[in-house]
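Given next are the chains, with one letter for each unit.
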Amino acid sequence: MPIFQHHYIDDLTFKRFLQTHQLEGTELLIVQLIAGEKAKANLTDLKKLIKTTLPGALLSEVIVDQGFLGQKWNPKDLWIVISQYENEKERIAPFKYVNASYQALFRESPNLIYIMDKGGRISTCNPAVSSQLGYSESDVIGKPGIHFVKNTDRMSARRHFLWALNGETRTFLIEIRDRNGRYIPYQITNIPIVVDGEVIGIQSIGVNQAAQKEAKTTIERLAYYDPLTGLGNRHLFEKSLKNLTEHAQKHGERLAVIFLDIDRFKNINDTEGHYVGDHILKRVVQRIQGQLYGKQMLYRFEGDKFSILIPQIKSKRTINALIDRIREAFREPIIYKEKEYFLSVSMGVSLFPNNGTNDETLMKNADIALYVAKLGGDNSVVYYQQEMNASFYNRIEFEAYLRKALGKNEFELYYQPQICLKTESIIGCEALIRWNHPKMGIISPAQFIPLAEEIGLIEDIGFWVLRKACQQIKAWQRKGFSPFPVSVNVSVRQFLKKNFVNQVKKIIDSEGIDPKYIHLEITESTTLRDIQYSIELVHELKQIGVCVSLDDFGTGYSALNYLKDFSIDILKIDRSFINNLSPDSQDGAIVKAIIMMSQGLSLRTVAEGVETKQQLNLLKEYGCHAVQGYYYSKPLPSREFENYIKKMANPA
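About the cut-offs
Residues numbered from 1 in each chain as written. Predicted model: local features only at pLDDT ≥ 70, side-chain atom pairs only at ≥ 80, totals over all residues. Heavy atoms only, no water. Buried < 20%, exposed > 50% of the residue type's maximum accessible area, 1.4 Å probe, protein only. Helix = DSSP H or I, 4+ residues; strand = E, 2+ residues; numbered from the N terminus. Pairing = 2+ DSSP bridges. Right-handed = clockwise from strand over helix to strand, strands pointing away. Axes fitted to C-alpha atoms, helices over the stretch in contact; angles between N-to-C directions. Contact = heavy atoms within 4.5 Å. Salt bridge = Lys/Arg side-chain N within 4 Å of Asp/Glu carboxyl O.

(A) Representation of the pairing of strand β25 (residues 570-573) in the model. Burial of β25 is two-sided: the residues Ile570 and Lys572 facing one way and the residues Leu571 and Ile573 facing the other way are all buried. Pairing geometry for strand β24 (residues 547-553) and β25, over 3 bridges, is parallel. By the bridge assignment for β25, leucine 550 is matched with leucine 571. Judged from the 4 bridges that link them, β25 and strand β26 (residues 604-608) form a sheet pairing that is parallel. Looking at β26, one finds that isoleucine 573 is bridged to alanine 607. Regarding the hand of the β-α-β motif, the stretch spanning β25, helix α20 (residues 586-600) and β26 is right-handed.

Right, dumping it as structure tokens:
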């Protein structure tokens with residue numbers, strides 16, 4: 001089957017091409033026109049010429065945007081491809097195959113497919129219309145498509161229909177009424193049906209968006225509410241406090257901030273496990289909430305730390321009365337599965353305007369008061385006083401050690417493997433810093449990273465971690481280990497530095513590793529500082545070849561609509577949703593929604609904090625790509641991690 005190609009310039013050169021190859025007047029031809037967007041205007045006259053010079057040829061056209069069959073395409077280009085067949089049967093065979101394929105797709109597609117004439121009436125529809133909307137063919141055929149569209153969406157539907165009649169393919173969102181009167185969200189794509197250069201109808205494809213909409217609603221709730229307790233989270237607390245301080249300042253009112261911590265609650269988690277701990281935590285919340293009156297509001301700040309806002313205070317007696325009620329509520333033990341748990345709470349209080357006139361100062365001083373209260377023993381309550389700052393002298397000594405730690409080479413990296421759920425093989429690891437303190441031994445990052453951020457050391461430490469990870473990758477490669485990516489956490493301060501990308505590139509280049517083996521992890525809260533800047537910075541990081549993960553997902557993403565604009569590769573599900581993962585739990589529904597949304601955005605998912613077989617099996621069922629956690633391994637020093645790699649490669 002001879003095939004001839006011609007880059008169309010003008011009619012004269014095309015006719016010479018036909019004469020050269022003796023195609024003019026030849027039968028049994030298929031002619032395909034492949035045109036860029038800016039060459040579409042030439043198609044009408046060219047098709048007339050082809051019908052004159054090549055009568056009987058089967059003619060088709062393809063409009064391409066930026067690429068065709070993997071190749072870049074000039075939008076001004078127009079190519080003519082002519083195939084010559086030996087007989088009529090051979091020529092029409094491809095068209096029969098295409099038609100059969102289309103009919104199979106039409107019948108079996110899980111999406112709605114229907115065709116409308118130029119007047120907007122439905123002329124045919126596939127079985128999905130019946131299975132999803134409950135209509136029979138007779139209910140639909142001959143009816144205007146607009147008849148089934150929600151009233152508020154009809155203007156948009158008409159507009160997109162007219163665009164399709166004008167030859168433009170458009171995708172849009174509308175709600176369609178089913179046979180029971182319910183409205184279901186669909187993503188509709190209108191495709192013009194073109195014959196001999198004329199639009200003769202519209203083919204529409206509808207993708208059900210109900211599951212995606214539900215998942216989006218579920219995740220958006222995470223922006224302001226704690227999934228375990230149902231309380232407002234830290235993000236909502238800070239927003240509420242800011243509004244209340246502005247209101248109090250304007251109207252001359254007083255308010256109080258209470259930080260509340262459950263004494264030695266960590267012991268319950270360590271001895272009884274997080275499952276029991278979470279059940280007890282919910283009982284704690286019920287007891288505290290039972291003591292609140294009027295506009296007093298309780299929030300879960302983090303972990304076993306809570307915050308209370310008391311607006312419009314007339315006297316200090318209001319605060320003292322609430323504190324007394326809360327302490328009294330914990331005189332009796334909490335009973336769970338016939339076991340008694342005796343608990344107490346410590347509280348720190350700051351007052352507006354006495355201890356601060358803005359939200360940040362009030363939070364800081366309530367935190368200092370809570371710190372001092374806990375130094376005084378369980379069940380303590382302290383109102384903030386200026387002199388309390390002296391309680392932080394110990395922290396100053398700790399800070400002095402921290403400032404010297406980098407120069408004394410006291411930091412080291414541990415590595416926690418990331419395991420593919422399909423192959424159960426190592427596909428990467430996360431680099432986690434530890435501080436080998438000369439007096440206190442190994443210190444976890446939770447104890448010194450917040451201070452490092454506060455005193456401005458976090459950038460130096462962060463880039464030390466990146467360089468050390470690059471060096472470790474190089475060392476493992478020299479030892480013959482198969483290369484895999486190493487994830488490195490990025491702090492807010494690092495990320496917001498204008499020269500961050502250049503510094504990352506400089507380190508990677510100087511250590512001589514392929515940038516694809518570095519995965520940078522940024523948190524949701526980091527991206528929310530400046531969404532547009534974050535989108536641009538992530539794009540720049542991708543351009544230098546590194547991969548980007550969104551860490552701790554689900555803990556406060558209040559700009560979910562921007563997620564699709566981030567060029568991230570991996571979405572890491574926060575461990576707080578994995579702790580109590582079960583098929584019927586709220587956490588299970590949230591994790592499933594996150595994974596479903598990630599699949600819709602073509603993102604890989606990694607679940608953190610996986611500790612049990614049940615968690616692992618559910619994550620497999622939900623379609624999660626990979627996991628990390630104590631179920632497979634705790635974070636390990638480099639030598640122990642190398643042994644772990646060998647063990648995984650050659651199990652006993």
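(B) Inspection of the sheet that holds strand β7 (residues 112-117) at higher detail. Spatially, β8-β7-β11-β10-β9 is the arrangement adopted by the 5 strands of the open sheet, whose pairing is antiparallel. Both outer strands of the open sheet, β8 (122-125) and β9 (170-177), are each paired with one neighbouring strand and no more. Direction aside, the axes of adjacent strands within the sheet are offset by 30° on average. As paired strands, β9 and strand β10 (residues 183-195) are joined by 8 bridges and run antiparallel to one another. Of the residues in β10, the one forming a bridge with leucine 173 is glutamine 187. Where helix α6 (residues 154-165) meets the sheet, its contacts fall on β7, β9, β10 and β11 (198-208), and the angle it forms with β9 comes to roughly 140°.

(C) Quick look at the pattern of salt bridges. Counted by the stated rule, this structure contains 22 salt bridges. A salt bridge links glutamate 168 to arginine 170, with the shortest nitrogen-to-oxygen separation between them at 2.9 Å. Among the residues examined, arginine 170 registers a relative accessible area of 28% and is labelled partly exposed. Within this structure, Glu430, Glu521, Lys572 and Glu608 form a network of salt bridges that share partners.

(D) Looking closely at the sheet that holds strand β18 (residues 381-383). Spatial strand order, β13-β14-β12-β17-β18: 5 strands in an open sheet with mixed pairing. Sheet topology places β13 (297-302) and β18 at the edges, where each strand pairs with a single neighbour. The sheet shows a mean angle of 20° between the axes of neighbouring strands, direction not considered. In this sheet, β18 lies alongside strand β17 (residues 345-352) in parallel orientation, the contact comprising 3 bridges. Its bridge partner lying in β18, methionine 347 is registered against valine 381. Sheet strands in contact with helix α10 (residues 274-289) are β12 (255-262), β13 and β14 (305-310), and its direction is about 150° off that of β13. Docked against the sheet, helix α11 (residues 316-329) engages β12, β14, β17 and β18, running at close to 165° with respect to β17.

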